[in-house]
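Chain residues, written in single-letter form:
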Amino acid sequence: MKKALVEKAYRLAKEQYAALGVDTEKALTELNKIKISLHCWQTDDVGGFEKPGAELGGGGIQVTGNFPGKAKTIEQMRKDLDVVMALIPGEQRLNLHAIYGEFGGKFVDRNKIEVKHFQGWINWAKKRKIGMDFNCTCFSHPYAEDGFTLSSKNEKYRKFWVEHTKRCRAISAEMGKQLGTPSVHNIWIPDGSKDTPVDRNTLRTLLKKSLDEIFAVKYPRKYLKDSIESKLFGMGLESMTVGSHDFYLGYAAKHGTMITLDNGHFHPTEQVGDKISACLQSVDEILLHLTRGVRWDSDHVVTFNDEITLIAQEIIRAKVLNRVNIGLDYFDASLNRIGAYVVGARAVQIAFLFALLEPFKTLVKFEEEGKNFERLAMMELLKTKPYGAVWDYFCLINNVPVAEDYIETIQEYEGNVLMKR
Ligand code: RNT
Ligand code: ZN
């Protein structure tokens, strides 16, 4: 897109927003501070590098589609990530799962992983001056096949997963230490049951016991921030999830961990945007897993929809950006994975920009004066304002392709690299 045109459109947009009392320059400065943690698993459908050709196995999550070009090696994945990061304005973070270590062609079981398997990634992040987040991988493993990990009644398995998660926290803390920015470690487990269980209580008691064992090891918060992720149900675990929202929110509030809100993990009529100010009364920080739920599935590519907009608005309105860690979580193998990655990350940024361009004070004033028509009218009006012109300008000043231009870059990468894999 022509630079002069982008600048001209921005000037007009700036004037229109100024008329509403909104400072677009300030919005752009704020937007630049928002970092998104990029979920590495979008590049290879949650396969990982434990063994060649590894694929996501069970555990209540599924990837569908067979679009060619998925990353099969760490080198390919890093190349893809560089392309993704070059197409997203601003600075981001990298979010790694434990199955993405550099295991040197040997099989290293999950209860044996160490910092050395991730040092290459840490160096990679150091070079790019970005922070890293981490996740234990409590799925796609023979010891998770019966559907239970940290809540397993099989003591051998439960201990195995506790050991794995402890090691993951140690690795995560080392990432935070070396990179000079706290690393968020997130725990999600697939434990649950397809049919109605009769002993929910023992399973939840076991999960609590495992978490207590895991968190008994303390790390400075400047290195590591712990988070726990709930889910309403998963594929094959329709009747009960051990780590439900009630379970984890209670645990987080009592033990001082963060809570992960994945917006694909609730009933479709529940809004994660509404949960932010609710949870932040009792927990210090939140980790978001931004995704797009479609009917019963939770992992479609994020788009700029009402759900994501409300999440961004609630964070900006409540001024809690410093207490919310933003991560993506989706995996779609039915379209160009790099393209999907960029579409989702940009959608999140656009939602934040939209939220930053809101005349909050005016709206609150209407609300406090009981002027509900005026509040509604203004919120509708904002949807017609030229935030797209501000977004294009943001891309321009950040030296990334503006508007539709990034589509072509991805098409070229698809032809030159992805299709040749
Ligand atoms: C699964 C959870 C979890 C995973 C990733 C791969 O439902 O959302 O966060 O998607 O850890
Ligand atoms: Zn998630």
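Counting restarts for each chain: residues are numbered from 1 in the order of the written sequence. Chain labels run from A onward and ligand labels from 1 onward, assigned in the order the entries are written. Note on the predicted model: pLDDT of at least 70 is required for a residue's local features to be given, and 80 or more for side-chain atom pairs to be given and counted; whole-chain, interface and lining totals, by contrast, use all residues. Side-chain metrics rest on all non-hydrogen atoms present in the structure, leaving aside hydrogens and water.

Chemist: Quick rundown of the environment of Ile113? Include the residues and the values.
Modeler: When you line up the elements, Ile113 lands in the loop between strand S2 (93–97) and helix H4 (119–128). Measuring from C-alpha to C-alpha, the distance between Ile113 and Ile171 comes to 8.7 Å, with 58 residues separating the pair along the chain. The residues contacting Ile113, other than those within four sequence positions of it, are Ala98, Phe103, Val108, Phe118, His164, Arg167, Cys168 and Ile171. Per the convention used, a helix needs a DSSP run of H or I reaching at least four residues, while a strand needs a run of E reaching at least two, with both numbered from the N terminus. We call two residues in contact whenever any of their non-hydrogen atoms come within 4.5 Å of each other.

Chemist: Can you tell me about the coordination of the zinc ion (ligand 2), naming the residues and giving the values?
Modeler: Angles between donor atoms at a metal ideally measure 109.5 degrees for a four-coordinate tetrahedral arrangement and either 90 or 180 degrees for a six-coordinate octahedral one. Here the term donor refers to an N, O or S atom within 2.8 Å of the metal (or 3.2 Å for Na, K and Ca), and because water is left out of the atoms, sites may appear incomplete. Donor atoms from the polypeptide that bind the zinc ion (ligand 2) are Glu229 (OE), Asp262 (OD), His289 (ND1) and Asp329 (OD), placed at 2.1 to 2.2 Å. For a four-donor site, all angles between 85 and 135 degrees give tetrahedral; for four or six donors, opposite pairs above 155 degrees with the remaining angles between 65 and 115 give square planar or octahedral; all remaining cases count as irregular. For the zinc ion (ligand 2), the six donor atoms in the first shell make angles of 70 to 169° at the metal, so the coordination geometry reads as octahedral.

Chemist: Provide a residue-level description of the nonpolar core, including the pertinent values.
Modeler: The biggest cluster of nonpolar side chains holds 130 residues, and the ones touching the most others in it are Leu96, Trp121 and Leu288. By residue number, the principal contributor to this core is helix H10 (residues 337–356), which donates 14 residues. Contacts of Trp121, omitting those with residues within four sequence positions, involve Ile74, Met77, Arg78, Leu81, Leu94, Leu96, Tyr100, Glu102 and Met132. Take the buried Ala, Val, Leu, Ile, Met, Phe, Trp, Tyr and Cys residues and link them wherever side-chain atoms come within 4.5 Å; each set so joined is a nonpolar core. Only protein chains enter the accessibility calculation, which uses a 1.4 Å probe; a residue is then buried when its area is under 20% of its type maximum, exposed when over 50%, and partly exposed in between.

Chemist: Help me get a handle on the pairing of strand S3 (residues 132–135), residues and values and all.
Modeler: Consecutive residues of a regular strand have side chains that alternate between opposite faces of the sheet. On S3, burial covers both faces: Met132 and Phe134 on one face and Asp133 and Asn135 on the other are all buried. Pairing between two strands requires that DSSP report at least two bridges joining them. For S2 and S3, the ladder comprises four bridges, and the chain directions are parallel. In the sheet register, Leu96 faces S3, and the bridge partner there is Phe134. When the strands point away from the viewer and the path from the first strand over the helix to the second turns clockwise, the crossover is right-handed. Chirality of the crossover, the property in question, places the unit of S2, H4 and S3 among those that are right-handed. Of the pairings in the sheet, the one linking S3 to strand S4 (residues 183–187) comprises two bridges and is parallel in character.

Chemist: Which residues make up the sheet that holds strand S8 (residues 258–262), and what are the values?
Modeler: Strand order in the closed barrel formed by eight strands is S1-S2-S3-S4-S6-S8-S9-S12, and the pairing between neighbours is parallel. Averaged over all adjacent pairs, the angle separating strand axes in this sheet is 25°, with direction ignored. For strand S1 (residues 36–39) and S2, the ladder comprises three bridges, and the chain directions are parallel. Paired with Ser37 across the bridge in S2 is Arg93. Axis definition: a line fitted to C-alpha atoms, over the contacting stretch in the case of helices. Angles run 0 to 180 degrees between N-to-C directions.

Chemist: Describe the site of ligand 1, and please don't skip the residues or the numbers.
Modeler: If a single non-hydrogen atom of a residue is within 4 Å of a molecule or strand, that residue counts as near it. Taken together, Trp41, Ile61, His97, Trp188, Glu229, Lys231, Asp262, His265, His289, Asp329 and Phe331 are the residues near ligand 1. Glu229 places a polar side-chain atom, nitrogen or oxygen, 2.7 Å from an oxygen atom of ligand 1. Note that an oxygen atom of ligand 1 is positioned 2.9 Å from one of the side-chain N or O atoms of His265. The accessible surface values rely on the Shrake-Rupley method and a 1.4 Å probe; as for residues, cover is taken only from the protein chains in view. When the free accessible area of ligand 1 is taken as 310 Å², the share hidden by the protein chains comes to 99%. We define a polar contact as two N or O atoms separated by no more than 3.5 Å, with the added condition that, inside protein, one atom must be a possible hydrogen donor and the other a possible acceptor, whereas residues neighbouring each other in sequence contribute only through side-chain atom pairs.

Chemist: Help me get a handle on the pattern of salt bridges, residues and values and all.
Modeler: For side chains of opposite charge, pairing can occur when their charged atoms come near one another. For salt bridges, the criterion is a side-chain nitrogen of Lys or Arg within 4 Å of an Asp or Glu carboxyl oxygen. Overall, the coordinates contain 26 salt bridges when judged by the stated rule. Members of the salt-bridge network, linked through shared partners, are Glu155, Arg158, Lys159 and Glu213.

Chemist: Which residues make up H10, and what are the values?
Modeler: Its 20 residues give H10 an end-to-end C-alpha distance of 29 Å, which sits within 8% of 28 Å, the value for a rise of 1.5 Å per residue. Of all 20 residues in H10, 19 are buried; the element is thus mostly enclosed. Two to three positions downstream of the cap, the backbone nitrogen of Ile338 sits 2.9 Å from a side-chain oxygen, assigning the N-cap of H10 to Asn336. The length a helix should cover is 1.5 Å for every residue beyond the first.

Chemist: I'd like to hear about unusual backbone geometry, residue by residue, with values.
Modeler: Positive phi values are uncommon outside glycine, yet Arg295 reaches one of about 50°. As for its placement among the helices and strands, Arg295 is situated in the loop between strand S10 (292–294) and strand S11 (297–300). On the accessibility criterion, Arg295 (73% relative accessible area) is exposed. In the Ramachandran plot, Lys319 falls in the positive-phi region, its phi being about 55° despite a non-glycine side chain. With respect to the secondary-structure elements, Lys319 resides in the loop between helix H9 (306–317) and strand S12 (324–328).

Chemist: So what about the side chain of Gln349? Which residues, and what values?
Modeler: Summarising the element assignment, Gln349 is placed in helix H10. Filtering out sequence-adjacent residues up to four positions away, Gln349 remains in contact with Leu31, Ile36, Ile88, Pro89, Gln92 and Trp391.

Chemist: Which residues make up the packing of H9 against H10, and what are the values?
Modeler: Close contact between H9 and H10 brings their axes to 8 Å; oriented N to C, the two are set at 50°. Classified by the interaxial angle, the pair formed by H9 and H10 is oblique. Between H9 and H10 the crossing geometry is right-handed. Where H9 abuts H10, its residues Ile308, Thr309, Ala312, Gln313, Ile315 and Ile316 lie against Val348, Ala351, Phe352, Phe354, Ala355 and Leu356. Split into classes, the residues belonging to the contact of H9 with H10 amount to ten nonpolar, two polar and no charged. Each angle receives one of four descriptions, namely roughly parallel if under 35 degrees, roughly antiparallel if over 145, roughly perpendicular if within 65 to 115, and oblique otherwise. Should the near helix be turned anticlockwise from the far one by less than a right angle, the crossing is termed left-handed; should it be turned clockwise, right-handed. Each residue gets one of three labels, nonpolar for Ala, Val, Leu, Ile, Met, Phe, Trp, Tyr, Cys and Pro, charged for Asp, Glu, Lys and Arg, and polar for the others, Gly among them.

Chemist: Summarise the pairing of strand S9 (residues 286–290); cite the residues concerned and give the values.
Modeler: Burial analysis of S9 places five of its five residues in the buried class, the great majority of the element. By the alternation rule, side chains of S9 split into Ile286, Leu288 and Leu290 and Leu287 and His289, which are all buried. In this structure, S8 lies alongside S9, joined through four bridges in parallel fashion. If you follow Thr260 over to S9, its bridge partner there is Leu287. In this fold, S8 hands off to helix H8 (residues 272–279), which returns the chain to S9; that crossover is right-handed. Pairing geometry for S9 and S12, over five bridges, is parallel. Bridge assignment links Leu287 to a residue of S12, and that residue is Asn325.

Chemist: Would you mind going over the packing of aromatic side chains in detail, with residue names and values included?
Modeler: Each aromatic ring pair is specified by the distance between its two centres and by the angle formed by the two planes. Think of it this way: a Phe, Tyr or Trp ring, Trp meaning its six-membered ring, pairs with another when their centres are within 6.5 Å, and the plane angle makes it stacked under 30 degrees, edge-to-face over 60, tilted otherwise. With the rule as written, the count across this model stands at 16 aromatic pairs. Plain terms: the ring middles of Tyr10 and Tyr393 are 3.9 Å apart, the flat faces sit at 5° to each other, and that makes the pair stacked. Remark: Tyr393 occurs in helix H13 (residues 387–397) and Tyr10 occurs in helix H1 (residues 3–19); sequence separation between them is 383 residues. For the residue pair Tyr10 and Tyr393, the accessibility class agrees, reading buried in each case. Here Phe160 and Trp161 contribute two aromatic rings whose centre-to-centre distance is 5.0 Å and whose plane-to-plane angle is 90°, an arrangement assigned as edge-to-face. Phe160 sits in the buried class, given a relative accessible area of 5%. What makes Trp161 buried here is its relative accessible area of 0%. Here a set of aromatic residues connected by ring pairs shows up, and it is made of Tyr143, Tyr157, Phe160 and Trp161.

Geometric values such as these leave the question of function open.
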